Amino acid sequence: ARLLSETYFEEGELWAILATIVKSLGYLQEQGIVYGVLGSDKIFIHDNSVRILDPSATATDPLLIEKDRLYSPEILNDLHDIDMFKSDVYVAGVILLECGMLENLAKAVEPDLSEYFTTFSERYSEDLCNILKMMLESSPNDRPSFSELKHFLVNELDMNCTLTDECDGCINPAPTDP
C-alpha cells in the first residue's frame, strides 16, 4: 500500500523497525542462533507494531543462493568462514534502506547501494544514516554485530526504552541532533 501511494516511512517508524530487528536478532545472537535468511518478506508492520517471522519457520540453507533474496557481499562473493551474524546485520541494513526508499533491492542484480543511500540520507537524519552506513560496511570485519548495534543504540543514542525488556511497545521518536 505504501509503495502504490508513495507514502514513505516516517523516521520514527524506521527507528522502530531498526530497534525491533536489533533487539530480536541480538537476542538470537546471544543464544548462538543465526537467523540466516533474513529478508523484507520476514518483517511485518501493522498498526505501529513490528514483528519478525520466527526463524524456524524459514528453515533454509542460508548459503544457498536464491533468486530475489538479499545477501551480504561475503555470501555473494563466496568467501569462506563467513560470520553469519554479521551477514544478517548487512541484510538488516539493506532492509532498512528498502523501507526508507520503498524499493525492493533483492530484485536488482548486485545493486550499487550508494545511489540509494544518497537519496536515503536526504530524507532521514544523520544519526539514522550513520547507523545504516555501519550496517552496510562491505567488509564484515568493519560491520558491527547485533549486540554491538544494541549497545551503540542504547548508550550513544539513548534508545534504552525501545531496546530493553521494559519497553512497552511504543514507537520512540528518532533521536534529535543538538
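One can find the structure itself at the top, above this paragraph.
A few points on the structure.

What counts as what
- Residues numbered from 1 in each chain as written.
- Predicted model: local features only at pLDDT ≥ 70, side-chain atom pairs only at ≥ 80, totals over all residues.
- Heavy atoms only, no water.
- Axes fitted to C-alpha atoms, helices over the stretch in contact; angles between N-to-C directions.
- Helix = DSSP H or I, 4+ residues; strand = E, 2+ residues; numbered from the N terminus.
- Left-handed = near helix turned anticlockwise from the far one by under 90°.
- Contact = heavy atoms within 4.5 Å.
- Nonpolar A, V, L, I, M, F, W, Y, C, P; charged D, E, K, R; others polar.
- Core = buried A, V, L, I, M, F, W, Y, C linked by side-chain atoms within 4.5 Å.
- Buried < 20%, exposed > 50% of the residue type's maximum accessible area, 1.4 Å probe, protein only.
- Arc of directions from axis to C-beta.
- Polar contact = N/O pair within 3.5 Å; in protein donor to acceptor, adjacent residues only side chain to side chain.

### Points about the packing of helix α2 (residues 11-30) against helix α6 (residues 126-135)
Packed helices, taken two at a time, are described by the angle their axes make and the gap between the axes.
Line of reasoning, step 1. The geometry of α2 relative to α6 is characterised by a closest axis approach of 11 Å and an angle of 35° between their N-to-C directions. Viewed along their axes, α2 and α6 form a crossing whose handedness is left-handed. Where α2 abuts α6, its residues E11, L14, W15 and L18 lie against D127, L128, I131 and M135.
Line of reasoning, step 2. Looking at the contact of α2 with α6, its residues break down into six nonpolar, no polar and two charged.

### Structural notes on the nonpolar core
Line of reasoning, step 1. In terms of nonpolar packing, the biggest core is built from 42 residues, with L14, L18, L97 and F120 touching the most fellow members.
Line of reasoning, step 2. Secondary-structure elements contributing two or more residues to this core are α2, β2 (49-52), α4 (84-101), α5 (113-123), α6 and α7 (146-156).
Line of reasoning, step 3. Broken down by element, the residue count for this core peaks at 10 residues, all from α4.
Line of reasoning, step 4. With residues near it in sequence (within four places) discarded, L97 still touches L105, L113, Y116, F117, F120, L132 and L136.

### Regarding α5
Line of reasoning, step 1. Within α5, burial applies to L113, Y116, F117 and F120. The buried residues of α5 occupy one face: seen down the axis, they fall within an arc of 100°. In α5, the exposed positions that point more than 90 degrees away from the buried face belong to E115 and E122.

### Here we look at the side chain of S125
Line of reasoning, step 1. Structurally, S125 is set in the loop between α5 and α6.
Line of reasoning, step 2. Judged by relative accessible area, which is 15%, S125 ranks as buried.
Line of reasoning, step 3. A polar contact is formed between the side chain of S125 and the side chain of E11, at a distance of 2.4 Å.
Line of reasoning, step 4. Within polar-contact distance, the side chain of S125 engages the backbone nitrogen of L128 at 3.2 Å.
Line of reasoning, step 5. The contact partners of S125, leaving out residues within four places of it in the chain, are E11 and W15.

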